[in-house]
Amino acid sequence: MPRYDVTIEKDACDGIFACLTRDPRFVEGEDGLATVDPDADPVYDCEGAVTDTDERVVATFDDDRIDEARQAAAACPTDAIVVRVREGDE
């Protein structure tokens, strides 16, 4: 399974939340913008490391759910979400 990063650029996020319907790890944050919570999915027990700064949210996962993350990124009308496979894990 590849390790991958999910990045949400906060200045590009408008809080439309199309991502939430594609991947339940995406949730509404306290600031009204999208964020990532690995524990938010009621079906899968996944682990991930999340860093949340004023500029962006970066979550790192090592699971088989990269396609769900990519669907969430593709659904974002402001292109605020980027999913990248970590180097060496392609």
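Residues numbered from 1 in each chain as written. Predicted model: local features only at pLDDT ≥ 70, side-chain atom pairs only at ≥ 80, totals over all residues. Heavy atoms only, no water.

An unreviewed UniProt entry annotates the protein as Ferredoxin of Natronoglomus mannanivorans.

## Digging into the pairing of strand β5 (residues 56–62)
How we decide: A pair of strands counts as paired when DSSP detects no fewer than two bridges linking them. Put simply, DSSP marks the helices as runs of H or I at least four residues long and the strands as runs of E at least two long, and each gets a number from the N terminus on.
Summarising the sheet, strand β1 (residues 3–9) and β5 pair through seven bridges and their orientation is antiparallel. Its bridge partner lying in β5, R3 is registered against D62. If you look at the hairpin formed by strand β4 (residues 48–52) and β5, you'll find three residues sitting between the two strands.

## Description of the nonpolar core
Our working rule: Buried residues of nine kinds, namely Ala, Val, Leu, Ile, Met, Phe, Trp, Tyr and Cys, make up a nonpolar core once their side-chain atoms join them within 4.5 Å. Think of it in three bands: with a 1.4 Å probe and only protein chains considered, a residue is buried below 20% of the maximum accessible area for its type, exposed above 50%, and partly exposed in between. Two residues form a contact once any of their heavy atoms are found within 4.5 Å.
Grouped together as the largest cluster of nonpolar side chains are 22 residues, with contacts concentrated most on V6, I8, F26, V36 and I81. The element contributing the most residues to this core is helix α1 (residues 66–75), with four residues. In this structure F26 touches V6, I8, C19, L20, T35, V36, A72 and I81, once residues within four positions along its chain are discounted.

## Things to note about the packing of aromatic side chains
Two descriptors summarise a pair of aromatic rings, namely the distance from one centre to the other and the angle between the planes of the rings. Here is the rule: Classification of ring pairs rests on two measures: the distance between centres of Phe, Tyr or Trp rings, Trp counted by its six-membered ring, which must be within 6.5 Å, and the angle between planes, read as stacked under 30 degrees, edge-to-face over 60 and tilted in between. Whether a charge lies above a ring is judged from NZ of Lys or CZ of Arg, which has to be within 6 Å of the ring centre and within 35 degrees of the ring normal.
One pass over the structure, following the stated rule, counts one aromatic pair. Here the basic side chain of R25 rests over the ring of F61, its NZ or CZ set 4.4 Å away from the ring centre.

## Side note on the side chain of R65
Looking at the secondary structure, you find R65 in the loop between β5 and α1. The contacts of R65, once residues within four sequence positions are left out, are Y4, D23, P24, R25, D41, Y44 and C46.

## Thoughts on the environment of C19
Looking at the element boundaries, C19 is found in the loop between β1 and β2 (26–28). On the basis of relative accessibility, which here comes to 5%, the residue C19 falls in the buried class. Sequence spacing of C19 and I81 is 62 residues, and the spatial spacing of their C-alpha atoms is 8.7 Å. Not counting residues up to four positions away in its chain, the partners in contact with C19 are F26, A34, A72 and I81.

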